[in-house]
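# Residue-level structural notes
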Amino acid sequence: LRRCLSYGAFAVVLGAVCVGGFVASRGALTRLSALPAFTVRSIEVCGARRISTGEIRRLSGLCEGARMFAVKPAVAEKAIAGNCWIRKVRVARHFPDKLVIAVEEREPIALVNAGRIFYLDKEGVLLPLFKGTYSELPVISGIIANADASVGKKISEENLKRVRSFLAEAWKTDVLSARHVSQIDFAGASDIKLKMENSPMLVEIDDRQGPVELKRLKGLLDIFDNSSEGAPRRINLCYDNLAYAQW
């Protein structure tokens, strides 16, 4: 019994020491966090291109003069991620007095015409335009109903795959960059219609043979550029053995 009491007394003493040490350490941390040296003096924002650093700082709720130990990175990250242009964000504390906000913005691959014009990023997210927007990206349509289109909305995986595949081949064959395609209509189940910039020409191609059809189109456009008859009003490349052109 005495041995049990001895062990019990030792456990009580050890527990008291641990609790006392914990309380003392918390007190030391509280005093440390209150020191002027651990005051936020610098907030750095990196990775921002379209969203201003001022807007990112505003969203974060962080400001100079705050206590470093009072900053909650996860809370600031969630607030910044509320902007649909932000794909990833990380807030880091660099002691004793600096905060770094690193963001990765969404990268648009096209403009979308769905009653209103949106940007479309590579993950299929619809993004808002900025004031005074100028873009050389192609305008696409037929991938989402006007009534369903809104900022932050994602297009279907099927349509996203179709758009990304076609655009990749179109840039590769130089059809987009050299010919300035003004609009790409994906409304058809298997055919795609292209409208050329500053031209009445309408081009129809078979989506199922995109790479082959785009190479054929590139060759035809080069021929028409050097033709005295000029470019046709319509080119249909939906046939395997025929390119139909109509002036």
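Up top is the structure.
What this report covers is the structure whose coordinates are included nearby. (Residues numbered from 1 in each chain as written. Predicted model: local features only at pLDDT ≥ 70, side-chain atom pairs only at ≥ 80, totals over all residues. Heavy atoms only, no water.)

### Digging into the overall build of the protein chain
A count of helices and strands for the protein chain gives 6 helices and 12 strands. Residues counted as buried form 34% of the 247 residues belonging to the protein chain. In the protein chain, 51% of the contacts between residues at least 6 apart in sequence involve partners at least 24 apart. (Helix = DSSP H or I, 4+ residues; strand = E, 2+ residues; numbered from the N terminus. Buried < 20%, exposed > 50% of the residue type's maximum accessible area, 1.4 Å probe, protein only. Contact = heavy atoms within 4.5 Å.)

### Some remarks on helix 4 (residues 157-172)
In this model helix 4 runs 22 Å from its N-terminal to its C-terminal C-alpha over 16 residues, within 8% of the 22 Å that 1.5 Å per residue would give. Looking at helix 4, one finds that the buried residues are Asn159, Leu160, Arg162, Val163, Phe166, Leu167, Glu169 and Ala170. Following helix 4 by one or two positions, aspartate 174 adopts a phi angle in the positive range, close to 75°. (Expected span 1.5 Å × (residues − 1).)

### A closer look at the environment of threonine 39
Relative to the helices and strands, threonine 39 resides in the loop between helix 1 (2-33) and strand 1 (42-46). Separated by 28 residues in sequence, threonine 39 and arginine 67 place their C-alpha atoms 4.7 Å apart. When neighbours within four sequence positions are excluded, threonine 39 is seen to be in contact with Gly65, Ala66, Arg67, Met68, Pro96 and Asp97.

### With respect to the nonpolar core
With 34 residues, the main nonpolar core has Val112, Ile140, Ile143, Phe166, Ile184 and Leu217 as its most contacted residues. Those residues in contact with isoleucine 184 that sit more than four places away from it in its chain are Pro138, Val139, Ile140, Ser141, Phe166, Leu167, Leu176, Ile192, Lys193 and Leu194. One finds Met68, Val103, Tyr119 and Val139 within the second-largest nonpolar core, a separate group that totals 23 residues. (Core = buried A, V, L, I, M, F, W, Y, C linked by side-chain atoms within 4.5 Å.)

### Quick look at the sheet that holds strand 3 (residues 98-105)
Strand order in this open sheet of 3 strands is 1-3-2, and the pairing throughout is mixed. For this open sheet the edge positions go to strand 1 and strand 2 (86-94), each flanked by a neighbour on one side alone. Ignoring strand direction, the axes of neighbouring strands in this sheet form an average angle of 15°. Across the sheet, helix 2 (residues 53-60) touches strand 1 and strand 3, and the angle it forms with strand 1 is around 120°. Along the sheet, helix 3 (residues 73-80) contacts strand 2 and strand 3; its crossing angle with strand 2, the most-contacted strand, is approximately 155°. (Pairing = 2+ DSSP bridges. Axes fitted to C-alpha atoms, helices over the stretch in contact; angles between N-to-C directions.)

### Re the pairing of strand 8 (residues 181-185)
The pairing of strand 7 (residues 139-141) with strand 8 spans 3 bridges and is classified as parallel. Paired with serine 141 across the strands is aspartate 185, a residue of strand 8. With 4 bridges joining them, strand 8 and strand 9 (residues 191-196) adopt antiparallel strand pairing. Within the sheet, the bridge partner assigned to aspartate 185 lies in strand 9 and is lysine 193. Remark: 5 residues form the turn of the hairpin made by strand 8 and strand 9, two consecutive strands paired antiparallel.

Honestly, that's just the spatial picture; any functional story needs more than this.
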